[in-house]
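The chain contents come next:
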Amino acid sequence: MDIKEKIYFDNAASTPMLEEVMYEMIPYMRIAFGNPSSTHSFGRETKSAIEFSRKKIADMLKCKASEITFTSGGSEANNLAFYIAVNSLKVNAIITAKTEHKAVLNTARSYQEQIPVLYVDIDKNGIVDLDHLERLLAENPNSLVSLMHANNEIGTLHPIQKINALVSKYNCYFHTDAVQTFAHYPIDLSQLSNIHFLSVSAHKFHGPKGIGFLYIKKGTKSLSQIKGGPQERELRAGTENVSAIVGMTLAAELAYKDLEDRKATVLALREELKIKLLEHFPLIKFNGIQGENSLYTILNVSFPPSKSSDMLPFALDIKGIAVSAGSACSSGSTAFSHVLRAIGSRDDWPAIRISISHLNNSNEIDRLILALKEILLK
Ligand SMILES: Cc1ncc(COP(=O)(O)O)c(C=O)c1O
């Protein structure tokens, strides 16, 4: 099938890079290619491109440029946050949830022989139980809380302001994986004074892959997980990916500029999709919280078990429509999603995640519905 005829509804896995972003990046590969650590003009030029980018990103988050450390993406940012918390801040416990992304869950697990890893209760919509979190915080002084801003599979948003206040009350540390929300929602770190770490990845907002950053609150005693040169204020050795940093920054600027318009477009498409799905498949169930505490880009839906619903993502793929079965980062795997298991979804009901961007349109929704009807109602 011609790529132009295909339909992409897997934007929580990755988004297409915008053309403007690509053109912004090219000169930093061909002309301004110097090593930012070099002291000659080639190096100074790329160094200043990095520092301009850092400042622009910091302005979006209302934090200081020195609080932004560029990484290879969300996974590395999460790993760095945990590394600093355990090895430099010497936290006594990690408190997280079973619905977190594997980049948090497996990182937390890698420390479980050193310190306890505790899981806060979540309800059937993926919402964190704040009373249980408070009890865990009271029982575990000097711990790291790692709870994501929005869940990448079911879209449930965590109340980060309330978590921030609780963590502050108990003088603990707070990491939030904002990979699915940065550049989709305005995040004001000046109002979230107890967030110590926040992770971001550019390919979730139409930027390049392999680039992201970790916000590290000023005054947090930190150390580098990747050893080597003094790049990134000695917090992440290795020659910086200059073109990707510049590309990520433009992608974020474009997203911020159009944030409300993009949000309105995606919300309208998601609403239309929900209505049309229910019209044709009245028995379906939506997973995760619905309404305003739900990330507007994601719709996770379970279908009643049948022979044809079993292989739904594959059957849609054959028709040229990309959706995800569970978490995108484990795509290709048909194992039941750890998030759906954690919220108690029935594992005999096959679920798909449809994730929408402002580049999708209503015609694509109709083609998705038609394909689902062909697969499920034949
Ligand atoms: C919530 C969340 N955290 C972390 C990651 C990993 O980010 P990256 O692909 O940049 O390593 C993803 C990617 O799917 C994600 O959705």
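Residues numbered from 1 in each chain as written. Predicted model: local features only at pLDDT ≥ 70, side-chain atom pairs only at ≥ 80, totals over all residues. Heavy atoms only, no water.

**Describing unusual backbone geometry**
Phi is positive for K90, which is not a glycine, with a value near 55°. Within the element layout of this structure, K90 appears in the loop between α4 (74-87) and β3 (93-96). At N171, a position not held by glycine, the phi torsion is positive, near 60°. Inspection of the secondary structure puts N171 in the loop between α7 (160-169) and β6 (173-177). Overall, the relative accessible area of 66% leaves N171 in the exposed class. (Helix = DSSP H or I, 4+ residues; strand = E, 2+ residues; numbered from the N terminus. Buried < 20%, exposed > 50% of the residue type's maximum accessible area, 1.4 Å probe, protein only.)

**Section: a nonpolar patch on the surface**
A cluster of nonpolar side chains, M17, M22, Y23, I26 and M29, forms an exposed patch at the surface whose accessible area comes to about 460 Å². The topology assignment puts M29 in helix α2 (residues 27-30). (Patch = residues over 30% accessible without salt bridge, like charges linked within 9 Å, V, L, I, M, F, W, Y side chains within 5 Å. Areas by Shrake-Rupley, 256 points an atom, 1.4 Å probe, with all protein chains shown as cover. Salt bridge = Lys/Arg side-chain N within 4 Å of Asp/Glu carboxyl O.)

**Some thoughts on the sheet that holds strand β10 (residues 298-302)**
Backbone-to-backbone hydrogen bonds pair the strands of a sheet. The strands run either parallel or antiparallel. Ordered in space as β9-β10-β12, the 3 strands form an open sheet in which the pairing is antiparallel. The open sheet has two edge strands with one neighbour each: β9 (285-287) and β12 (351-355). Geometrically, the sheet is characterised by an average inter-axis angle of 35° between neighbouring strands, direction not taken into account. With 5 bridges connecting them, β10 and β12 associate as antiparallel partners. (Pairing = 2+ DSSP bridges. Axes fitted to C-alpha atoms, helices over the stretch in contact; angles between N-to-C directions.)

**Topic: the side chain of S14**
Assignment of secondary structure puts S14 in the loop between β1 (7-8) and α1 (19-25). Polar contacts involving the side chain of S14 include one to the side chain of H203, which spans 2.8 Å. At 3.1 Å, the side chain of S14 forms a polar contact with the side chain of K209. With residues up to four places along the chain from it excluded, the contact list for S14 reads Y8, H203 and K209. (Polar contact = N/O pair within 3.5 Å; in protein donor to acceptor, adjacent residues only side chain to side chain. Contact = heavy atoms within 4.5 Å.)

**Observations concerning the domain arrangement of the chain**
By domain assignment, the chain separates into domain 1 (3-16 + 258-376) and domain 2 (19-257). For the pair domain 1 and domain 2, the summed buried area comes to about 2,800 Å², and 51% of that belongs to carbon and sulfur atoms. Contact with domain 2 buries area across many residues of domain 1, yet L259, L295 and H338 alone supply 21% of it, more than any other trio. Counting every contact that joins domain 1 to domain 2 gives 0 salt bridges. Where domain 1 meets domain 2, there are 23 residue pairs in polar contact (both at pLDDT 80 or more). Only α10 (259-280), β10 and α12 (338-342) provide two or more residues apiece to the side of domain 1 that touches domain 2. Residues of the side of domain 1 that touches domain 2, tallied by class, amount to 14 nonpolar, 14 polar and 5 charged. (Domains from an automatic or database assignment. Buried area = accessible area lost by both parts, 1.4 Å probe. Nonpolar A, V, L, I, M, F, W, Y, C, P; charged D, E, K, R; others polar.)

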